[in-house]
Amino acid sequence: MAELSIEERQIYDRQIRIWGMEAQSKLRSAKILVINFNGTTSEIAKNCVLSGMSLDILDDKIIEQPDLNNFYLRNEDVGLSRGEAGAKRIQEINCLVKVSQTKNADGNYQVVVFSGDTANCADINRSCREKHIPSYYVFNSREAVLVIADLIHPSGEISYLSLPEIIEKIPSFLQTKKKKPNLRFYAFLLALYCKFQSLPLENAPPTFIDDQVLKPLSEQIFFSFTQEFYPSLSIAAGMVTQDIVKLITNEKAAYQLFFFDANDSVGMIESFSTQSKAKTSLLADIEISEID
Amino acid sequence: MNKKFVNKMINLAYNSKMEHAKILVVGAGGIGCELLKTLVMVGIDNITVIDIDTIDKSNLNRQFLFRPEHVGRPKAEVAVSTLKELRPSLNVTGIQANITNYGNDFFQNFAIVLNALDNLEARRYVNRLCVSTKIPMIDAGTQGKLGQVTVHVPHITACYECEPKPTPKTYPVCTIRSTPSKPIHCIVWAKYLYEALFGLRDPDNILSDLQKKAEGFSDLGKELFNLLFKEELPEEAKKIEISIENIVGSQINEDKIGSLQEYAAGFIYAVENLKSREPKPFDKDDQLAIQFVGAASNLRAANFKIEQLNLFKTKEIAGNIIPAVATTNAMAAGLQVIEALKILRNKNEPKNVWISEHASDSKIIVSGNMPPPMPKCYTCSVGSVKVKLNFNTFTLGDLVSKILKNELSMQNPTLNLENGSILYESGEGLDEEDEERYAKNYKMTLNELKLADGVRVSCDNFSTDFTIKLIISHDENQELYEIVGEIVENEENHKENGENQNELKRKSDNSDERECKKLKIVEDIEN
């Protein structure tokens, strides 16, 4: 691997002190695909570019006023596509990397990042898995934000759950009794499950938490889906980028699910096992005392 | 129960009520840039940012409002111009200055103060002003992938100084001068040596004797080398065996541990260049100073058989460089804005929050309640009163008789300044000299006494065991005086309030943190 230039060493000095010189050169040759340039992915793009990674942006939506709820897009960008304007603005942040708009996502990507509605997620995930590319999905609902990672290994040898497989695991996870469940996390998972399966919330699968408690929360999340809250999305974007750096530098990724809610300022991580139900149900033996 | 949770899911995100609050951001560095961005994106558009620094290349990996062409320019100014380029309608002001030049009058303008600082001294200063002006302050700090956000609401929760902060580590003089055992001891020694020879030349420098010896040297590099690494050594140290005579100066490598020849060459190179230069205090971004410290510390390490370090690592230790990355800063700033919104919107209890690298109990971002003020905290616990008066006409006697005796019912107050010096004392048992001095002070105006605007005077009335702190600010137009801040509860009252507030205490739904006093500013969630 080519050595870092003096310029690169000076600019990246403070982070080389965290992950080392070799990791920094690996980041230089990495390329990320960003799908859907919303507030969340624009922050991830900014973080990736600052870390020293190059990226392609896939988004041909024409910018309208509501799209300006994105720090990097400006009034004068209205009328351009989000991919075009986004690539231009993110490129300005670091001239040592390459940021481009892509129309057909035909690059050689190490990681794919998506944020938005659930509609195309399964398709995106399928194409990523075909090429053994790990992918991240970030779902916003105002103060709350959930990240799901499909950590498929580039060699394909180690088995990781796909996005639909993770979604499939949600009902059993929500039935597994836990002493101190993070209610908003559970409510978010329930809402997400219904979105994915196109189920109305009334028909949501049962959970071990009283419906009276969980359903109203799920409803709020359900109906505010895709609404972004900048402080929360910044936190999710930071977590996602840190894990992308880990994947690229061959460190073990930290999580499969990350959840943050601004109401209590708690960030949770969780991983669903690739094993079948039998194993997870061992946890169910723990008595729950009181939910409040 | 159900209703409670729904209510807790408050509308932090889309509520435009408090958007025009004036916010002060102290620091436009790593956290500062992220903070400015996130504030703007939640719709806060009235921001003042202050920073004394100029932009360095090593800032560019995270301070994303700056570009390579901005290197050398003031951070506050460039941050504001980049923001305005993106959002022309913003009302943002950038000030390039040291925050410690600003007093109560300045702080009073803001609804909340957000710290994005990199040093303890400035944090303490901001804390004191926030306590005296009763403005909530939210501090943030990061180190590598770790981060911390703490909320301080004066007199309601602990202030920044309630919990003592670790002071920077110092080493005994003899360890540095003659018995080093760790790389850091050699680096500290090399920095002292740099300051003695090419830096501040402070007579109190523990190596100033070496500077005197070096004054007579004709070939500074070679003679100094022989003196330091061969002659002037304790017996148990190992002399460096190489001869300096034929060594030609050259720079040392940044990444590799060098040979003794290479360090000797680096030493000669640095000394040759430094001796003809104007004295300049040590600076981590000064290549020559770093070359000198790198060469000298490693030669000394060889003398004492201590592990050697490459220049990259030496620079980190010598310059107190804290590893930093955009992601952690973005997360810390996001949390700061979240807690600020909770205060501004008077809903939801703000939390202190920690970002960790590894999850514990599935939590990687952990929050906890704000602790109550420490009764013994010097900064915030003593009762305090804010007074405005004209320093040019108001005398110390006026202060004692009109304010302390009449307003605050003190009988025989003693007035101390923060540095411990006594301004005034009355009663029996004073010696003649003191009595004369106090009588003189009594007639002098505050200006003649050289008291600064915003001065804190601790007033003790020993007979009633009553202490109050006066925070006095200057007001040209004040004919008499004006008490602007009410009396804040002293220790006794604190306890009482604590009990009352306990009744309002509620359980947090998902936390196992200890229960603390509920915030006064937070309304009950059912409201």
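On a predicted model such as this, the values are computed, not experimentally measured, just so you know.

(A) Region of interest: the packing of helix α1 (residues 6-19) of chain A against helix α12 (residues 311-318) of chain B. As a packed pair, α1(A) and α12(B) sit with axes 12 Å apart at the nearest point and diverge in direction by 75 degrees. Relative to α12(B), α1(A) is oriented roughly perpendicular. Counted together, A:Arg9, A:Asp13, A:Ile16 and A:Arg17 of α1(A) and B:Phe312, B:Lys315 and B:Glu316 of α12(B) form the full contact between these two elements. The residue makeup of the contact of α1(A) with α12(B), split by class, is two nonpolar, no polar and five charged.

(B) Main features of the interface of chain B and chain A. Counting residues at the interface gives 67 residues for chain B and 67 residues for chain A. Between chain B and chain A, roughly 6,300 Å² of surface is buried when both sides are summed, and carbon and sulfur atoms account for 59% of that area. Here chain B is connected to chain A by seven salt bridges. Close ionic contact of A:Arg74 with B:Glu85 constitutes a salt bridge, the shortest N to O distance being 3.5 Å. Between the two partners, chain B and chain A, sit 26 residue pairs in polar contact (both at pLDDT 80 or more). When the residues that make up the side of chain B that touches chain A are grouped by side-chain class, the tally is 34 nonpolar, 13 polar and 20 charged. Two elements, strand β8 (residues 266-270) of chain A and strand β8 (residues 363-368) of chain B, share two bridges in a ladder whose sense is antiparallel. What sits directly across from A:Gly267, in β8(B), is B:Ile365.

(C) Layout of the environment of A:Phe37. Residues and elements named next belong to chain A. Mapped onto the fold, phenylalanine 37 is located in the loop between β1 (31-35) and α3 (39-51). Look at phenylalanine 37 and you get buried, because its relative accessible area is 0%. Sequence spacing of phenylalanine 37 and valine 49 is 12 residues, and the spatial spacing of their C-alpha atoms is 14 Å. Apart from the residues within four sequence positions on either side, phenylalanine 37 is in contact with Ser42, Ala45, Ile57, Asp59, Asn70, Leu73, Arg82, Gly86 and Ile90.

(D) Focus on the pattern of salt bridges. All names here are of chain B. What the rule picks out here adds up to 42 salt bridges over all chains. A salt bridge links glutamate 161 to arginine 124; the shortest N-O distance between them is 3.5 Å. Taken together, the positions of glutamate 161 in the loop between β6 (146-152) and α6 (173-177) and arginine 124 in helix α5 (residues 120-133) put the pair 37 residues apart, joining distant regions of the chain. Look at arginine 124 and you get partly exposed, because its relative accessible area is 31%. Residue glutamate 232 is joined to lysine 213 by a salt bridge in which the shortest nitrogen-to-oxygen separation is 2.7 Å. Of the two residues, glutamate 232 sits in the loop between α9 (220-231) and α10 (260-275) while lysine 213 sits in helix α8 (residues 208-214), which places them 19 residues apart along the sequence. On the basis of relative accessible area, glutamate 232 is assigned to the partly exposed category, the value being 33%.

(E) View of helix α3 (residues 75-86) of chain B. Residues and elements named next belong to chain B. An ideal rise of 1.5 Å per residue puts 16 Å on 12 residues; α3 measures up with 17 Å between its terminal C-alpha atoms. Among the residues of α3, those classed as buried are Lys75, Ala76, Val78, Ala79, Val80, Thr82, Leu83 and Leu86. In this fold, the buried residues of α3 make contact with α2 (30-41), β2 (46-50) and β3 (91-95).

(F) Representation of the packing of aromatic side chains. Residue and element names in this part refer to chain A. One pass over the full model with this rule turns up 31 aromatic pairs over all chains. Here phenylalanine 173 and phenylalanine 185 contribute two aromatic rings whose centre-to-centre distance is 6.2 Å and whose plane-to-plane angle is 65 degrees, an arrangement assigned as edge-to-face. One end of the pair, phenylalanine 173, is in helix α6 (residues 163-175); the other, phenylalanine 185, is in helix α7 (residues 183-196), with 12 residues separating them in the sequence. Taking the relative accessible area as the measure of exposure, phenylalanine 173 reaches 13% and is therefore buried. A relative accessible area of 1% places phenylalanine 185 in the buried class. Three or more aromatic residues joined by ring pairs make a cluster, and in this case those are Phe139, Phe173, Phe185, Tyr186, Phe188, Phe196, Phe208, Phe225, Phe259 and Phe272.

(G) Structural view of the nonpolar core. Counting 109 residues, the largest nonpolar core has A:Tyr136, A:Ile244 and A:Phe258 as its most contacted members. Among the elements that take part in this core, helix α13 (residues 326-344) of chain B stands out by supplying 11 residues, more than any other. By size, the runner-up hydrophobic cluster in this structure holds 49 residues, among which are A:Cys128, A:Leu174, A:Tyr193 and A:Phe208.

Each value, and the rule that gives it
Residues numbered from 1 in each chain as written. Chains lettered and ligands numbered in written order. Predicted model: local features only at pLDDT ≥ 70, side-chain atom pairs only at ≥ 80, totals over all residues. Heavy atoms only, no water. Axes fitted to C-alpha atoms, helices over the stretch in contact; angles between N-to-C directions. Helix = DSSP H or I, 4+ residues; strand = E, 2+ residues; numbered from the N terminus. Parallel < 35°, antiparallel > 145°, perpendicular 65-115°, else oblique. Contact = heavy atoms within 4.5 Å. Nonpolar A, V, L, I, M, F, W, Y, C, P; charged D, E, K, R; others polar. Buried area = accessible area lost by both parts, 1.4 Å probe. Salt bridge = Lys/Arg side-chain N within 4 Å of Asp/Glu carboxyl O. Polar contact = N/O pair within 3.5 Å; in protein donor to acceptor, adjacent residues only side chain to side chain. Pairing = 2+ DSSP bridges. Buried < 20%, exposed > 50% of the residue type's maximum accessible area, 1.4 Å probe, protein only. Expected span 1.5 Å × (residues − 1). Phe/Tyr/Trp six-rings, centres within 6.5 Å; stacked < 30°, edge-to-face > 60°. Core = buried A, V, L, I, M, F, W, Y, C linked by side-chain atoms within 4.5 Å.

Taken by themselves, the reported measurements are silent on function.
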